[in-house]
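Architecture at a glance
Below, each chain spelled out in residue letters.
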Amino acid sequence: MNEVRVRFAPSPTGYLHIGGARTALYNWLYARKHNGTFVLRIEDTDEERSTRESIDEILDGLKWMGLQWDEGPYFQSERLGTHQQAVRRLLEQGSAYRCFCTKEELEAKRAHAQEHKLDYKYDGTCRNLTPQQIEERTASGQPCVVRFKTPRQDGCIAFEDRVYGRVEKRYDDIEDFVILRSDGKPLYLLSSAIDDMTDRITHVIRGQDGLGNTPRQILILSALGYTPPVYAHISLTLDTKKAKISKRKHGEVVTVAYYKERGFLPWALCNFLLLLGWSNSEDREFFTREELIEAFDLDGIARHNSVFNYTPGDSVNWTDPKAVSMNARYISMLGMDELLPYVAAELQRSGLWQESYAAGKKQWFRDTVELIRTRLHTINDFSTRGRPYFADDFEFEEQAVAKNLKKDERLKTLLPAAAEALAGLAVFDVASIENAVRELCEREAVKPGLIINAIRTACTGQSAGPGLFELVAAIGQERTVARLRAAAGCI
Ligand code: GLU
């Protein structure tokens with residue numbers, strides 16, 4: 001069997017958004033699964049809308065997601081010669097022809113069709129011009145486009161889409177379409193098909209919006225004697241109001257860069273995107289990279305559009321809750337050696353990093369991250385919810401203070417007593433901390449919950465978190481005692 005060659009072919013006219021990222025992911029997975037080649041091709045022929053920033057953003061986004069390409073990036077704009085050469089070949093062999101109809105003539109015909117409620121299709125006026133007529137018109141400087149000569153025959157052009165099944169289009173319904181403009185620039189439809197040929201692409205896995213182009217692209221490739229690739233069109237990603245996800249409508253929240261900034265782990269995002277439109281018979285949700293490469297196939301791609309459960313403008317629930325819970329799960333599951341660099345980078349970014357975390361306090365750093373990670377949803381949470389572990393200035397949640405510190409008068413004396421008990425410990429480990437706290441409860445005849453909740457809030461400003469004794473051990477003796485005394489003073 002031939003080597004599998006797939007491609008991701010973004011137009012660099014905006015950011016890499018989650019729909020595009022999902023297409024890239026499916027291509028990457030398919031290449032990895034079949035030991036194939038993943039080609040990156042930048043379709044930058046729209047000069048006005050293509051930008052360098054967009055190219056950089058796409059490359060950065062793919063690299064961050066771990067979707068490394070094997071070949072490219074190729075730039076479509078550098079292949080103009082190949083596209084024009086293909087048009088010449090089509091002309092020479094009689095599969096295409098020059099059309100001199102003017103804009104005004106075509107518009108008049110279109111208007112006429114509209115008036116009579118007929119479907120407009122180019123009528124083939126120039127299809128059978130003689131070589132002499134062509135020469136005369138060219139010599140007199142008349143501009144022309146090149147049109148593909150769609151076979152005039154009954155029946156359909158058909159292909160087997162790996163997702164949508166058999167797709168048919170009647171020859172009658174395909175007009176002689178333009179493949180080269182009068183300024184010598186090829187149309188995107190042609191360039192993209194020729195590039196697939198040049199790149200020897202075996203499987204075109206792309207968005208469903210490419211489905212309409214496919215019959216014409218197959219006509220072009222077949223006319224050039226090239227066996228068209230296998231096509232697999234992926235359904236669209238919609239928001240809850242059934243609008244197609246786009247940067248224009250939804251803003252940066254649908255871009256890969258935004259997920260990165262908000263503290264997503266790349267593979268958690270990949271896993272979430274995967275499930276927007278793919279499932280396997282086991283209905284499994286979590287996959288490691290290796291497991292997914294093993295499990296992925298084109299048969300699992302859904303035909304129905306998938307819904308990205310996100311309401312534009314909602315800054316609190318800024319993304320689909322499923323994406324966040326997927327990320328939280330990865331944060332608690334990931335091997336510590338893999339997770340720590342992300343946390344270190346986040347602490348550096350937020351000014352909480354200390355060199356000792358990589359040296360003398362390396363073990364403490366590791367243990368603390370391990371302790372708090374199970375309750376965090378994003379990497380950024382390490383510097384926000386996790387701040388009390390890495391800094392002494394942190395915020396107190398109003399509700400936690402009201403419920404755990406201010407509600408019971410007895411805490412005015414209990415907190416200083418707890419501070420003394422903990423200050424007196426010669427060994428500050430989980431077991432001794434627990435002993436000291438329980439002894440205090442017995443001595444003062446109060447329920448452990450009262451003191452435990454108060455210590456938690458005094459030490460972290462929060463009402464939820466890891467087990468109290470582990471938490472106190474992580475905060476450390478000196479800081480715990482100081483925080484308990486400070487809290488007592490504020491009651
Ligand atoms: N450049 C097209 C896009 O960004 C891709 C079309 C294709 O994959 O054939 O939508």
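Below: a short report on this structure. Note that the coordinates shown come from a computational prediction; the quantities given were computed from them, not determined experimentally. (Residues numbered from 1 in each chain as written. Predicted model: local features only at pLDDT ≥ 70, side-chain atom pairs only at ≥ 80, totals over all residues. Heavy atoms only, no water.)

1. Topic: the overall build of the protein
- Looking only at helices and strands, the protein features 21 helices and 12 strands.
- For 491 residues, the compact-globule estimate of 2.2 N^0.38 gives 23 Å, and the protein exceeds it by more than 25% at 32 Å.
- Along the three orthogonal principal directions, the C-alpha set of the protein runs to about 110 × 50 × 40 Å.
- Out of the 491 residues belonging to the protein, those deemed buried represent 51%.
- Of the contacts made within the protein by residues no fewer than 6 positions apart, 76% connect residues no fewer than 24 positions apart.
- Of the roughly 24,200 Å² that the protein leaves accessible, carbon and sulfur atoms contribute 48%.
- Here the protein carries 65 positive and 70 negative side-chain charges, and the mean point of each set is 2 Å from the other. (Helix = DSSP H or I, 4+ residues; strand = E, 2+ residues; numbered from the N terminus. Rg over C-alpha atoms; globule rule 2.2 N^0.38 Å. Buried < 20%, exposed > 50% of the residue type's maximum accessible area, 1.4 Å probe, protein only. Contact = heavy atoms within 4.5 Å. Areas by Shrake-Rupley, 256 points an atom, 1.4 Å probe, with all protein chains shown as cover. Lys, Arg positive; Asp, Glu negative; His and termini not counted. Charge placed at Lys NZ, Arg CZ, Asp CG, Glu CD.)

2. Re the nonpolar core
- Counting residues in hydrophobic clusters, the biggest one holds 145 residues, and the most contacted among them are Ile179 and Phe365.
- Discounting residues that sit within four places of it in the chain, Phe365 has contacts with Leu340, Val343, Ala344, Leu347, Trp353, Tyr357 and Phe390.
- Listed in part, the nine residues of the second largest apolar core include Tyr97, Cys101, Tyr122 and Leu129. (Core = buried A, V, L, I, M, F, W, Y, C linked by side-chain atoms within 4.5 Å.)

3. Regarding the site of the ligand
- Within the structure, the ligand sits among Arg7, Ala9, Pro10, Ser11, Glu43, Tyr188, Ser192 and Arg206.
- Between Arg206 and the ligand, the recorded distance is 2.8 Å, taken from a side-chain N or O atom to an oxygen atom.
- Protein chains bury 71% of the 300 Å² of accessible surface belonging to the ligand in isolation.
- Tallied by class, residues from the shell around the ligand come to three nonpolar, two polar and three charged. (Near = heavy atom within 4 Å. Polar contact = N/O pair within 3.5 Å; in protein donor to acceptor, adjacent residues only side chain to side chain. Nonpolar A, V, L, I, M, F, W, Y, C, P; charged D, E, K, R; others polar.)

4. Regarding the packing of aromatic side chains
- Tallied over the entire structure, the rule returns 16 aromatic pairs.
- Relative to Phe308, the ring of Phe272 lies with its centre 6.2 Å away and its plane at 55 degrees, an arrangement referred to as tilted. Of the two residues, Phe272 sits in helix α10 (residues 266-275) while Phe308 sits in the loop between β12 (306-307) and α12 (321-333), which places them 36 residues apart along the sequence.
- Aromatic pair Trp353 and Tyr357: ring centres 5.4 Å apart, planes at 85 degrees, arrangement edge-to-face. Note on accessibility: Trp353 and Tyr357 belong to one class, buried.
- Site record: aromatic cluster; members linked through ring pairs are Trp353, Tyr357, Trp364, Phe365 and Phe390.
- One Lys or Arg, Arg329, reaches over the ring of Phe286 and ends 3.8 Å from the middle of that ring.
- Across from the ring centre of Trp364, 4.4 Å away, lies the NZ or CZ of Lys361, which sits over that ring. (Phe/Tyr/Trp six-rings, centres within 6.5 Å; stacked < 30°, edge-to-face > 60°. Lys NZ or Arg CZ within 6 Å of the ring centre and 35° of its normal.)

5. Points about the pattern of salt bridges
- What the rule picks out here adds up to 31 salt bridges.
- For Arg162, the salt bridge is made with Asp299, and the minimal N-O distance between the two is 2.7 Å. You can see Arg162 sitting in the loop between β6 (156-161) and β7 (165-170) and its partner Asp299 sitting in the loop between α11 (289-295) and β12, a full 137 residues away along the chain.
- The closest approach of N and O atoms between Glu346 and Arg349, which form a salt bridge, is 2.9 Å. Here Glu346 and its partner Arg349 are both found in helix α13 (residues 336-349), three residues apart, which amounts to about one turn of the helix.
- Residue classification places Arg349 among the exposed positions, given a relative accessible area of 57%.
- Taken together, the shared-partner salt bridges connect Arg7, Arg41, Glu43, Arg79, Asp195, Asp196 and Asp199 into one network. (Salt bridge = Lys/Arg side-chain N within 4 Å of Asp/Glu carboxyl O.)

6. What about helix α6 (residues 188-198)?
- Most of α6 sits out of view: nine of its 11 residues are buried.
- Buried residues in α6 make contact with β1 (5-8), β2 (37-42), α3 (80-92), β8 (178-180), β9 (203-207) and α7 (214-223).
- Note on α6: the residue one or two positions beyond its end, Arg200, has a positive phi of about 50 degrees.

7. Brief notes about the pairing of β6
- Every second residue of β6 is oriented toward a common face, the buried set being Ile157, Phe159 and Asp161 and the non-buried set Cys156, Ala158 and Glu160.
- Relative to β7, β6 runs antiparallel, the two being bridged by six bridges. Residue pairing for β7: Ala158 is matched across the bridge by Glu168.
- Count of turn residues in the β6/β7 antiparallel hairpin: three residues. (Pairing = 2+ DSSP bridges.)

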